[in-house]
Amino acid sequence: MLINIQRVSSSSVEVNQSIVSHIQKGLVCLVCAVPNYTMITCVKVVEKLSKLRIFNDLNGKMNKSIIDINGSVLVVSQFTLAANLKSGNRPDFRGAMEPKQAKLLFDHLVQLMKNKNIDTKTGIFGSIMKLNICNDGPVTIPMDVQ
């Protein structure tokens, strides 16, 4: 899975001019499933995300995880992370997984996060969404888990 992780002070996602999810301090994870990734990949992603120490401790050092701060996670599907820009000027998105399979992995990932008692919100898979992201830091980390 290709994931763009952003540490945020707040974030929301809007679909059809309505806010469908909102979080305060936590992570926004833009997620793209690519072929050959499996349910096991989702387990690896959740293990990494839940333990990733990118929140500041009392000394201002990135030393705390999403669990340590009791933060929230907003998970949003974003197939455009699989864009190939090697030829021409139009991105090629054929590297993204077929939507039906991708949704299964996306839903599994979200359920695994919830199973860890992490407050997890989502956008609406396959919808045109507007994200309001107040990046904290800024801290943005790309992650590719296989």
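Everything that follows concerns the structure shown earlier in this document.
Quick caveat: nothing in here was measured; it's all calculated off a predicted structure.

A.B. asks: Residues and numbers for the environment of Gln6, please.
C.D. replies: Relative to the assigned elements, Gln6 resides in strand β1 (residues 2-15). Not counting residues within four places of it along the chain, the set of residues in contact with Gln6 comprises Gly26, Leu27, Val28, Leu30, Ile133, Asn135, Val139 and Thr140. A distance of 2.9 Å separates the side chain of Gln6 from the side chain of Asn135, its partner in a polar contact.

A.B. asks: Tell me about the environment of Ile141, residues and numbers included.
C.D. replies: The residue Ile141 is located in strand β8 (residues 130-144) in this model. Sequence separation between Ile141 and Arg7 is 134 residues, and the spatial gap between their C-alpha atoms is 8.7 Å. Once residues lying within four places of it in the same chain are set aside, the contact partners of Ile141 are Ile3, Asn4, Ile5 and Ile54.

A.B. asks: Outline the pattern of salt bridges, listing residues and values.
C.D. replies: By the definition in use, this model includes 6 salt bridges. With a closest N to O distance of 3.5 Å, Arg7 and Asp136 form a salt bridge. You can see Arg7 sitting in strand β1 and its partner Asp136 sitting in strand β8, a full 129 residues away along the chain. Residue Arg7 is classed as buried on the basis of its relative accessible area, which comes to 6%. Linking Lys116 and Glu47 is a salt bridge whose minimum nitrogen-to-oxygen distance equals 3.1 Å. Note that Lys116 is positioned in the loop between α2 (99-115) and β7 (119-122) and Glu47 in helix α1 (residues 39-51), a separation of 69 residues in sequence.

A.B. asks: Pulling in residues and values, what's your account of the layout of surface pockets?
C.D. replies: Looking at the largest pocket, its volume works out to about 420 Å³. What lines the largest pocket is a set of 21 residues, and nearest its centre among them are Ser77, Gln78, Phe79, Phe125 and Gly126. Only β3 (26-32), β6 (72-77) and α2 provide two or more residues apiece to the lining of the largest pocket. Here the residues of the lining of the largest pocket sort into 16 nonpolar, 5 polar and no charged.

A.B. asks: Describe the side chain of Asp57, with residues and values.
C.D. replies: Note on placement: Asp57 falls in the loop between β4 (55-56) and β5 (62-64). For Asp57, the side chain forms a polar contact with the side chain of Asn63, separated by 3.4 Å. What Asp57 contacts, discounting residues up to four positions off in sequence, is Asn63 and Lys64.

A.B. asks: Describe unusual backbone geometry, with residues and values.
C.D. replies: Looking along the chain, the bond that leaves Gly137 and enters Pro138 is cis, with omega of -5°. Mapped onto the fold, Pro138 is located in strand β8. Even without being a glycine, Asn117 presents a positive backbone phi close to 60°. Its location among the elements puts Asn117 in the loop between α2 and β7. In this structure Asn117 comes out as exposed when scored by relative accessible area, which is 71%.

A.B. asks: Report on the environment of Leu112, specifying residues and quantitative values.
C.D. replies: For Leu112, the position within the fold is in helix α2. Counting along the chain gives 10 residues from Leu112 to Thr122, while the straight-line C-alpha distance between them is 13 Å. Leaving out residues up to four positions away in the same chain, Leu112 has contacts with Cys42, Val43 and Val46.

What counts and what doesn't
- For every chain, the first residue of its written sequence is number 1, and the numbers climb from 1 along that sequence.
- Two thresholds apply to this predicted model, a pLDDT of at least 70 for residue-level local features and 80 or more for giving and counting side-chain atom pairs, whereas whole-chain, interface and lining totals are computed over all residues.
- With hydrogens and water excluded, all non-hydrogen atoms of the structure serve as input to the side-chain values.
- Helix and strand labels come from DSSP, where a helix needs a run of H or I of at least four residues and a strand needs a run of E of at least two; each type is numbered from the N terminus.
- The contact criterion used is simple: two residues touch if any of their non-hydrogen atoms lie within 4.5 Å.
- In protein, a polar contact requires one atom able to donate a hydrogen and another able to accept it; more generally it is a pair of N or O atoms within 3.5 Å, and residues adjacent in sequence count only if both atoms are side-chain atoms.
- Salt bridge criterion: a side-chain nitrogen from Lys or Arg within 4 Å of a carboxyl oxygen from Asp or Glu.
- Throughout this description, buried means an accessible area under 20% of the type-specific maximum (1.4 Å probe, protein chains only), exposed means over 50%, and partly exposed covers the range between.
- Within this scheme a cavity is a closed region of a 1 Å grid, computed over the protein atoms alone, that accommodates a 1.4 Å probe without allowing it to escape, whereas a pocket is open but has protein on both sides within 12 Å along at least five of seven lines; lining residues each have an atom within 4 Å of a point.
- Grid points are joined across faces, edges and corners, and a volume is the space filled by probe spheres set on the points.
- Only Asp, Glu, Lys and Arg are considered charged in this grouping, and only Ala, Val, Leu, Ile, Met, Phe, Trp, Tyr, Cys and Pro are considered nonpolar; every other residue, Gly among them, is considered polar.

What is shown is where atoms sit, not what they do.
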